[in-house]
Amino acid sequence: MNAQDAWNAAYGQLELQLDRANFDTWLRDAFFICEEENGVYVIGVRNSYARDMLQHRLYRNIRRVLSDVCGVDVELRFEVNRPVAKDLPAHENGNTPSANKQPDLFVDTQDDRPLFKLLAQRNAITETDNTLPPLYEQIRRPGYAELPENDLNPDHVFDRFVVSGSNQMAYEAARAVAENPARMYNPFMIYGGVGLGKTHLVHAIAHVCTRQGLRAVFIPSEVFTNDLVDAIRHKTTAMFREKYRSADVLLVDDIQFIAGKESTQEEFFHTFNALHTFQKQIVLVSDRHPRELSTLEDRLRSRFESGLIVDIKPMEYEARVAILRMWAKERKIRVDPAVIDMIAHSASNNVRGLQGVFTQIVAKAHLTDRPITVENVGNLLEHFERPREYSKTPADQATPTQIIEAVAAHFNLNRKDLEGKKRATHINNARQVAMYLLRELTDISLSQIGDFFGGRSHTTVLHACNKITESLDNDPNIRRTLQEVQNMFGNKR
């Protein structure tokens, strides 16, 4: 068996043994060049990425298979090579395996797929020529508008991040990653609740890396999934892989959304491996620790946990005050310290909720041409606690007491049954109806509704309201019950 035949046989076995993603990405277009005098097999590959991956990660597997075919131990060397069309060996029939000949993408073909054309042109230029932009910038996916790889918020920089005890570790780790990508913590993962500054820190890392001349790719996980689907549909998976695997820094927001998506997890697994192998920085953002993502593959979970994982906790009062003062200074608005204190105490402990309250207060003061006073802010904060508005006048509204008593009478119960801790089915159903009517027909908050029923939490009230709402569409008994109860307390007014 000559060297060419040995490679052909090994190539066929590798196609069966390697997983499809690895084979298609790195080995599909590899071809035999020659066997040197010292017995080293020289294999041509399409680019330096494939060469490095085959030489450093897949070398042992390929060498083992080829040695088994040859019956002796052999060595390999992978080279970026572009054979000329006229040097292609002639074959007696057209059923030659793809491994027997140099793949078409390395020669001047009439293939109408833009990636193959571009690769053929690109390989005509020496590898040392750095004037060519990367492939992902040269090719546009047919008939589909590309999403930008970086959609960074210019305000999300380290200088505007308010550091406190709840986020100091995450901040310091993010600064270290930004200043020394892939040298300090790789991968680096931030997790925590909504509106606590996770995305802000990731944007700040991307800004710093970009200023260093690195190619930083920031994407939500949904964009990664959509790009993968689009690449499969248009047969441009090679372009998709080069786009993400040629990044110096890959930052993925909301990584928890790839859990349960098998194809996305498969592709991200290989992207992660490729970047980590070549010491490229990976930054991930999630709302939960990897161990809490039950549908995340174990192989991804273990890789996420191999780096630094930090969490961000809800902001303390001092952090909220500092943020409000920063916003007031940036907008050149004079706000009394007592007003800032009131907002910081009453508003949400996440940045988005705090920003919503602050924006409402500033807008109302500007539109009504009234100063931002403690009294005005107090009225607005009360509105945030009780956001529902109704067209009825107070005189026409049913009181909570009337609603509760009417529900109790309809179900042949007394008020203490509804307010107590009993969970019998008929009592629980009556309690849910009462909660639903209180929310729909009064302007009291969920927490206040819970107080009428033995101090139950607002989540319990919300669950009861949602359950009744879902039943309205397919349960005529619920609709009839609600109407009969409303008639009962309506007649009392």
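Below, the structure is looked at part by part. Everything numeric in this text was worked out from a predicted model, so none of it was measured. (Residues numbered from 1 in each chain as written. Predicted model: local features only at pLDDT ≥ 70, side-chain atom pairs only at ≥ 80, totals over all residues. Heavy atoms only, no water.)

Our focus in this paragraph is the packing of helix H17 (residues 400-410) against helix H19 (residues 425-441). Running from N to C, H17 and H19 point in directions that differ by 150°, and their axes come no closer than 9 Å. With respect to their mutual orientation, H17 and H19 come out roughly antiparallel. The chirality of how H17 crosses H19 is right-handed. Taking contact as the criterion, the partners of Pro 400, Ile 403, Ile 404 and Val 407 in H17 are, on H19, Ala 430, Val 433, Ala 434, Leu 437, Leu 438 and Leu 441. Here the contact of H17 with H19 is composed, by residue class, of ten nonpolar, no polar and no charged. (Axes fitted to C-alpha atoms, helices over the stretch in contact; angles between N-to-C directions. Helix = DSSP H or I, 4+ residues; strand = E, 2+ residues; numbered from the N terminus. Parallel < 35°, antiparallel > 145°, perpendicular 65-115°, else oblique. Left-handed = near helix turned anticlockwise from the far one by under 90°. Contact = heavy atoms within 4.5 Å. Nonpolar A, V, L, I, M, F, W, Y, C, P; charged D, E, K, R; others polar.)

Here we take up unusual backbone geometry. In most cases, non-glycine residues show a negative phi, while peptide bonds are predominantly trans. With an omega dihedral of 5°, the bond running from Asn 186 to Pro 187 counts as a cis peptide bond. Its place among the elements puts Pro 187 in the loop between helix H7 (168-179) and strand S4 (188-192). Backbone geometry at Asp 254 places phi at a positive 55°, although glycine is not the residue there. Relative to the assigned elements, Asp 254 resides in the loop between strand S6 (249-253) and helix H11 (262-277). Its identity as a non-glycine residue notwithstanding, Gln 279 has a phi of 55°, on the positive side. Note on placement: Gln 279 falls in the loop between H11 and strand S7 (281-286). Classification of Gln 279 by relative accessible area gives exposed; the value is 62%. (Buried < 20%, exposed > 50% of the residue type's maximum accessible area, 1.4 Å probe, protein only.)

What follows is about the sheet that holds S4. An order of S5-S6-S7-S4-S8 is seen for the five strands of this open sheet, with the pairing classed as parallel. The strands lining the two open edges of the sheet, one partner per strand, are strand S5 (216-220) and strand S8 (308-312). Sheet twist, expressed as the mean angle between neighbouring strand axes with direction ignored, is 15°. In this sheet, S8 lies alongside S4 in parallel orientation, the contact comprising five bridges. Bridge assignment links Phe 188 to a residue of S8, and that residue is Leu 308. Contacts between helix H9 (residues 221-234) and the sheet are confined to S5 and S6, with S5 contributing the most and set at about 95° to the helix. (Pairing = 2+ DSSP bridges.)

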